[in-house]
Amino acid sequence: TKTSATEITFNNTLKPTLNICLEKKWDKVNELTLPDSIRIQLQRRRDGGKKWKAMNYEGRKDGSTVITLLPDYYGNWKYTFENLEQYVDYKAKPKIPYQYRVVEVDKDGKVITEGGYLNDVFRVNYSPVIDGSSVPAGSVDAAAKTKNYTITNTYSPKTSPKTNIKIKKQDA
């Protein structure tokens, strides 16, 4: 008698992902009072695209895309975005990578552009965009698939601080 072999096919359906470790830095702020919090937003676009799309990373029911970032106990301003999709469609050939960035937003929810100002006092600069294809294929180790991103706010007021001086003439 002849027995037929059973054929089993396994398909890898693990979507390639990446993590972004954000660090907020403050420059030239000696003896200045920093804000209690800042507002950030994760954005992505298709590779080469012009339009950034705000992400509802925390899955809020109200659809809000703004995250309030607070310093930790030691004064570090950090936030990690995990398991972000690397590609628009990871099964497609060729793969189209997503590009990610994290931006600061003002109190009205408007994005502060590169070189723009927070509260007219801090000039804002961003790390380069993170490309989904920058993570090696098949990376499962968290360190290998984590990219660092920095927002730096430099004390540089738009206008010079005004000083009021009163001069009083006295006869000798």
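These numbers were taken from a predicted model, which means no experiment stands behind them.

Rules of the game
Residues numbered from 1 in each chain as written. Predicted model: local features only at pLDDT ≥ 70, side-chain atom pairs only at ≥ 80, totals over all residues. Heavy atoms only, no water. Helix = DSSP H or I, 4+ residues; strand = E, 2+ residues; numbered from the N terminus. Buried < 20%, exposed > 50% of the residue type's maximum accessible area, 1.4 Å probe, protein only. Phe/Tyr/Trp six-rings, centres within 6.5 Å; stacked < 30°, edge-to-face > 60°. Lys NZ or Arg CZ within 6 Å of the ring centre and 35° of its normal. Core = buried A, V, L, I, M, F, W, Y, C linked by side-chain atoms within 4.5 Å. Contact = heavy atoms within 4.5 Å. Salt bridge = Lys/Arg side-chain N within 4 Å of Asp/Glu carboxyl O.

### Regarding unusual backbone geometry
- In this structure, P94 follows K93 across a cis peptide bond, with omega equal to -5 degrees.
- The residue P94 is located in the loop between β5 (77–85) and β6 (98–105) in this model.
- In the Ramachandran plot, D120 falls in the positive-phi region, its phi being about 60 degrees despite a non-glycine side chain.
- Topologically, D120 is positioned in the loop between β7 (117–118) and β8 (122–126).
- Since its relative accessible area comes to 46%, D120 is described here as partly exposed.

### Notes on the packing of aromatic side chains
- Tallied over the full model, the rule gives eight aromatic pairs.
- Put simply, the rings of W26, W77, F122 and Y155 touch in pairs and so form one group of aromatic residues.
- A cation sits over an aromatic face here: K24 above W26, 4.8 Å from the ring centre.

### Re the nonpolar core
- Core analysis: the largest hydrophobic core is formed by 28 residues, its most contacted members being I20, L22, I40, F81 and V102.
- Looking at this core, the elements that each hand over two or more residues are β1 (17–27), β2 (38–46), β4 (67–69), β5, β6, β8 and β10 (146–155).
- The residues contacting F81, other than those within four sequence positions of it, are L18, N19, I20, L22, I40, L42, Y57, I67 and V102.

### Some words on the pattern of salt bridges
- Enumeration over the complete set of coordinates arrives at five salt bridges.
- The partner of E85 in a salt bridge is R44, and the shortest N-O contact between them spans 3.4 Å. Residue E85 is located in strand β5, and its partner R44 is located in strand β2; the two are separated by 41 residues in the primary sequence.
- Look at R44 and you get buried, because its relative accessible area is 16%.

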